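Structural description and commentary
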Amino acid sequence: MRKLSYKKSRLNGAINIPGDKSISHRAVMFGSMARGKTTVENFLPGEDCLSTISCFEKLGVQIERSETAVTVYGKGFEGLKESSDILNVGNSGTTARLMMGILSGLPFHSVLIGDESIAKRPMKRVTGPLRDMGARIQGNQDGNFTPISIQGGDLSGINYASPVASAQVKSAILLAGLQAKGSTTVQEPFKSRDHTERMLRAFGVDIEIDGCNVKLEGGQSLTADLHIVVPGDISSAAFFLVAGAIVPDSKVTLKRVGLNPTRTGILEVLKEMGASLTYTNVVEDGPEPYADITVVASSLKAVEVSGEIIPRLIDEIPIIALMATQAEGTTVIKDAQELKVKETNRIDTVVNELKKLGAKITATDDGMIIEGKTKLTGGQLDSYGDHRIGMMGAIASLIAEDETILVNDEAINVSYPNFFEHLESLLG
Ligand code: S3P
């Protein structure tokens, strides 16, 4: 539990945004599957990515880490060995689902478990297509929930039209497809984040991308001796982008923020709502573009957020909802049913917590409706063990009239271990 009694002052200064969570996971996973040495710079030392490291160590991979520098000594798929212990993914859906794809192709038995939140998150979306490829997977409720047990090997390629735009589903199938006979294609209704495709290419994998279709041939190996520079996580930057826009007189610079177009929906929404953003030090020549972003306090107006942009900002909806409480008019967020199967049901947790502060917000079946502009009071908030709900609460406290308390604040360590240090440095 943490008292969020920040003096009501502007935010000012610059911070280095910690490494992208999605890219950090993939750097360790793909480095472990590759033959050779992969070095990773600006790795995110959050609990989720540490779970990924621990799983691959149990599979026999040598991994060295010193703060944000990681070295992975991969020995190819053949270097991954049956673990005598259960693989614990902690709170991480990305670790669980991508590991399921990788383990499905490996000729041994593995068991995956996670925390209480993981135990409630649907795995059938991955178990289903992986079984169709030939994987032998069992788990609670016919393989929908952890613990999951996998006897891998002997996969055939698949042509899979996913009903959801999910990078975790797409990646799991592609990673199994790499180890399968024949070709594998994944088609999505809208394009989800494409870090897997970009990084597989950097590891020398041939992969065809045509809009929302991705195709690869099985039997390809990953070649390492790669140095991966992980850009700052735009999903973490989002909390300070919104803080800078809603706390009067603020000016905040966020350094080296990843600008992969499959992730930049938040920037489009900020701009449409009227926030002033400037970009400097733009780097576009690597596999993942990034830049420094400066935001200044702005007067905001309501927007509708729906359709193809949803997968490009799905993790930012909690903080967008808070921003909408400070915008003139009615903001509608729809087509976002996926929020219900995140670390918490984020339609419920966002609406509950913002209501406690006096926001005019209503839950709908696929999103929420927010009336602005509303003064927020203080109160006792809960992260419910969900890092992004905790950070939304902490940013809300900056504009709340009375004291705010955050219960289960430690959940923030999942993706942003130095969040409060950064917040306090901007408050001066
Ligand atoms: C992620 C994909 C998204 C996102 C999650 C990270 C990834 O999940 O919400 O935080 O790294 O692939 P879905 O694939 O379930 O949409």
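Structure shown above.
As a starting point, this report considers the structure included with it. (Residues numbered from 1 in each chain as written. Predicted model: local features only at pLDDT ≥ 70, side-chain atom pairs only at ≥ 80, totals over all residues. Heavy atoms only, no water.)

With respect to the site of the ligand
This is how it is decided: Summary of the distance rule: residues count as near a molecule or strand when at least one heavy atom falls within 4 Å of that molecule or strand. Pairing of N or O atoms within 3.5 Å defines a polar contact, subject to two protein rules: one partner must be a possible hydrogen donor and the other a possible acceptor, and residues neighboring in sequence count only if both atoms are side-chain atoms. The protein chains shown are the only cover counted for residues, whose accessible areas, like all others here, come from Shrake-Rupley with a 1.4 Å probe. Put plainly, a pocket is an open set of points on a 1 Å grid over the protein atoms alone with protein on both sides within 12 Å along at least five of seven lines, a cavity is a set where a 1.4 Å probe fits but cannot get out, and a lining residue has an atom within 4 Å of a point. More than half of a molecule's atoms within 2 Å of the grid points is what it takes for that molecule to sit in a cavity or pocket. Helix and strand labels come from DSSP, where a helix needs a run of H or I of at least four residues and a strand needs a run of E of at least two; each type is numbered from the N terminus. Three categories are distinguished: nonpolar for Ala, Val, Leu, Ile, Met, Phe, Trp, Tyr, Cys and Pro, charged for Asp, Glu, Lys and Arg, and polar for the others, with Gly belonging to the last. Residue ranges assigned to each domain were obtained from an automatic or database domain assignment.
Neighbouring the ligand are the residues K21, S22, R26, T94, S166, A167, Q168, R193, I314, D315 and K342. In the environment of the ligand, an oxygen atom lies 2.7 Å from a nitrogen or oxygen atom belonging to the side chain of S166. K342 has a polar side-chain atom sitting 2.7 Å from an oxygen atom of the ligand. Bound to the protein, the ligand loses 95% of the 390 Å² it would expose on its own. Spatially, the ligand is embedded in the largest pocket. Contributing elements (two or more residues each) for the shell around the ligand: helix 1 (21-33) and helix 6 (167-177). In terms of residue count, the dominant contributor to the shell around the ligand is helix 1 (three residues). Within the shell around the ligand, the residues separate by chemical class into two nonpolar, four polar and five charged. Each of domain 1 (2-19 + 231-427) and domain 2 (21-229) gives at least three residues to the shell around the ligand.

Description of the pattern of salt bridges
Side chains that carry opposite charge are capable of pairing whenever their charged atoms lie near each other. Going by this rule: A pair is scored as a salt bridge if a Lys or Arg side-chain nitrogen falls within 4 Å of a carboxyl oxygen belonging to Asp or Glu. Think of it in three bands: with a 1.4 Å probe and only protein chains considered, a residue is buried below 20% of the maximum accessible area for its type, exposed above 50%, and partly exposed in between.
Using the criterion set out here, one finds 23 salt bridges in the structure. When the shortest N-O distance is used, the salt bridge between R312 and E308 registers 3.2 Å. For E343, the salt bridge goes to R346, with nearest N and O atoms at 2.9 Å. There is no split in this pair, since E343 and R346 are both buried. Connected through salt bridges with shared partners, the residues R121, R193, D315, E343, R346, D386 and R388 form a single ionic network.

What to know about the nonpolar core
Here is the rule we go by: Buried Ala, Val, Leu, Ile, Met, Phe, Trp, Tyr and Cys residues form a nonpolar core when they are joined through side-chain atoms within 4.5 Å. Here, residues are in contact when the closest pair of their heavy atoms is within 4.5 Å.
Of all hydrophobic cores here, the largest spans 75 residues; its most connected members are M368, I395 and F419. In terms of residue count, helix 8 (residues 234-246) provides more of this core than any other element does, 10 residues in total. Not counting the four nearest positions on each side in its chain, F419 is found in contact with F239, F240, M391, A394, I395 and I412. Grouped together as the second largest cluster of nonpolar side chains are 66 residues, M123, I148, I150 and L175 included.

Some points on the side chain of T185
Within the fold, T185 resides in strand 11 (residues 183-187). Setting aside its immediate chain neighbours within four residues, T185 contacts I158, N159, Y160, V214 and K215.

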